[in-house]
Amino acid sequence: MELEVRLLPRQLEAWRHVGKGKYIFYGGARGGGKSHLARAAAVLAAHMWPGIRVVCVRTTYPELYENFITRILEDYPGDVWGYVYRARERVMLFENGSKIFFRPIDSEIALKKVLGLEYQFMVIDEANVLPENYIHRIRGSLRRPVGNFIPTMLMTGNPGGVSDTYFKTRFVEPDYSYWGKNELSEKDRYVFVPAKVYD
């Protein structure tokens with residue numbers, strides 16, 4: 001079995017920013033391939049950049065299990081992609097030293113289990129259902145480049161979450177009156193790629 005990942009043009013546009021120190025939001029229509037991109041990006045990054053730490057986040061563990069873990073195990077088999085999955089620790093260990101962690105964030109306690117740990121790549125699926133302050137705080141765990149991979153955050157979302165204003169004013173229609181001083185100092189790092197239903 002050959003390594004194969006199929007990404008459509010808009011998904012490829014989002015992917016080309018991975019590893020370059022960006023905050024990427026791939027958002028829009030339901031059925032726009034957002035979770036597919038999130039899974040593919042996590043596996044591709046772990047495979048291509050040895051030694052990086054990736055974390056995949058959704059609100060609850062059942063969502064993580066159904067939308068990430070089982071789909072990755074099916075679509076990107078460990079014996080082909082070079083990893084083993086340890087269910088108890090909820091981590092995929094790659095032969096090249098990379099790791100993909102799966103973490104739900106449904107409470108302040110769950111958030112604290114992620115804060116303080118170091119990751120190079122964060123993938124937050126349905127990010128706009130998380131409170132805005134969670135998003136600001138979790139970014140602090142993006143630290144230290146590994147090789148030529150600069151810490152990156154990839155977020156997906158549909159309209160209708162508690163953080164819609166955050167994503168609209170930072171990505172979809174930037175309104176700098178909402179931005180904090182630190183955000184303004186790195187505004188060139190924000191990337192929005194609209195997800196269309198045909199994706």
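Predicted, not measured: the structure shown is a model, and the values here were computed from it.

Caption draft 1: Summary view of helix H2 (residues 34-48). Given a rise of 1.5 Å per residue, 15 residues ought to cover 21 Å, and the 21 Å separating the end C-alpha atoms of H2 matches this to within 8%. Burial in H2 covers these residues: Lys34, Ser35, Leu37, Ala38, Arg39, Ala40, Ala41, Ala42, Val43, Leu44, Ala45 and Ala46.

Caption draft 2: Highlighting the sheet that holds strand E5 (residues 99-104). Reading across the sheet, the eight strands line up as E3-E4-E5-E2-E6-E7-E1-E8 and stay open at both edges, with mixed pairing between neighbours. Here the strands that pair on one side only, and so sit at the sheet edges, are strand E3 (83-86) and strand E8 (190-195). Across the sheet, the mean angle from the axis of one strand to that of its neighbour is 15 degrees, orientation sign disregarded. As judged from the four bridges shared by strand E2 (residues 53-58) and strand E6 (residues 121-124), these two strands associate in the parallel manner. In the sheet register, Val57 faces E6, and the bridge partner there is Ile124. H2 rests against strand E1 (23-28), E2, strand E4 (91-94), E5, E6, strand E7 (152-157) and E8 of the sheet, and its axis sits at about 160 degrees to E7.

Caption draft 3: Highlighting the pattern of salt bridges. Going through the model one piece at a time under the given rule, you end up with ten salt bridges. With a shortest N-O distance of 3.5 Å, Arg170 and Glu132 are connected by a salt bridge. Pair noted here: Arg170 is in helix H7 (residues 164-172) and Glu132 is in helix H6 (residues 132-138), with a separation of 38 residues, a long-range link. One network of salt bridges, with partners in common, ties together Arg58, Glu63 and Asp125.

Caption draft 4: Local environment of the environment of Val129. Relative to the assigned elements, Val129 resides in the loop between E6 and H6. With 32 residues separating them in the primary sequence, Val129 and Gly97 have C-alpha atoms 32 Å apart. Not counting residues up to four positions away in its chain, the partners in contact with Val129 are Thr59, Gly161 and Val162.

Caption draft 5: The arrangement of the packing of H2 against helix H3 (residues 61-75) in detail. Put simply, H2 and H3 touch, their axes get as near as 10 Å, and they point 55 degrees apart. With respect to each other, H2 and H3 are oriented oblique. Our pair here, H2 against H3, has a crossing hand that is right-handed. From H2, Ala38, Arg39 and Val43 reach across to H3, where they touch Asn67, Phe68, Arg71 and Ile72. Tallied by class, residues from the contact of H2 with H3 come to four nonpolar, one polar and two charged.

Caption draft 6: Highlighting the pairing of E1. The element E1 is largely enclosed, with a buried count of six among its six residues. Burial along E1 is two-sided: the face carrying Tyr23, Phe25 and Gly27 and the face carrying Ile24, Tyr26 and Gly28 are both buried. Across five bridges, the pairing between E1 and E7 is parallel. The partner of Tyr26 across the bridge, within E7, is Thr156. In terms of strand pairing, E1 meets E8 through six bridges, oriented parallel. Paired with Ile24 across the bridge in E8 is Val191.

Caption draft 7: A look at the packing of aromatic side chains. Summed over all chains, the structure comprises 18 aromatic pairs. Each ring, one from Phe167 and one from Phe171, has its centre 5.8 Å from the other, and the planes form 20 degrees; the classification is stacked. A residue pair is termed a helical-turn pair when its members lie 3 or 4 positions apart in one helix, as Phe167 and Phe171 do in helix H7 at four residues. The class of Phe171 is buried, set by a relative accessible area of 5%. Within the aromatic cluster, the residues linked to one another by ring pairs are Tyr23, Phe25, Tyr166, Phe167, Phe171, Tyr176, Trp179, Tyr190 and Phe192. Positioned over the ring face of Tyr23 is Arg139, at 4.0 Å from the centre of the ring. Sitting over the face of the ring of Tyr176, Lys187 holds its NZ or CZ atom 4.5 Å from the ring centroid.

Quick notes on the rules
- Residues numbered from 1 in each chain as written.
- Predicted model: local features only at pLDDT ≥ 70, side-chain atom pairs only at ≥ 80, totals over all residues.
- Heavy atoms only, no water.
- Helix = DSSP H or I, 4+ residues; strand = E, 2+ residues; numbered from the N terminus.
- Expected span 1.5 Å × (residues − 1).
- Buried < 20%, exposed > 50% of the residue type's maximum accessible area, 1.4 Å probe, protein only.
- Pairing = 2+ DSSP bridges.
- Axes fitted to C-alpha atoms, helices over the stretch in contact; angles between N-to-C directions.
- Contact = heavy atoms within 4.5 Å.
- Salt bridge = Lys/Arg side-chain N within 4 Å of Asp/Glu carboxyl O.
- Parallel < 35°, antiparallel > 145°, perpendicular 65-115°, else oblique.
- Left-handed = near helix turned anticlockwise from the far one by under 90°.
- Nonpolar A, V, L, I, M, F, W, Y, C, P; charged D, E, K, R; others polar.
- Phe/Tyr/Trp six-rings, centres within 6.5 Å; stacked < 30°, edge-to-face > 60°.
- Lys NZ or Arg CZ within 6 Å of the ring centre and 35° of its normal.

Shape is all these values report; function is a separate question.
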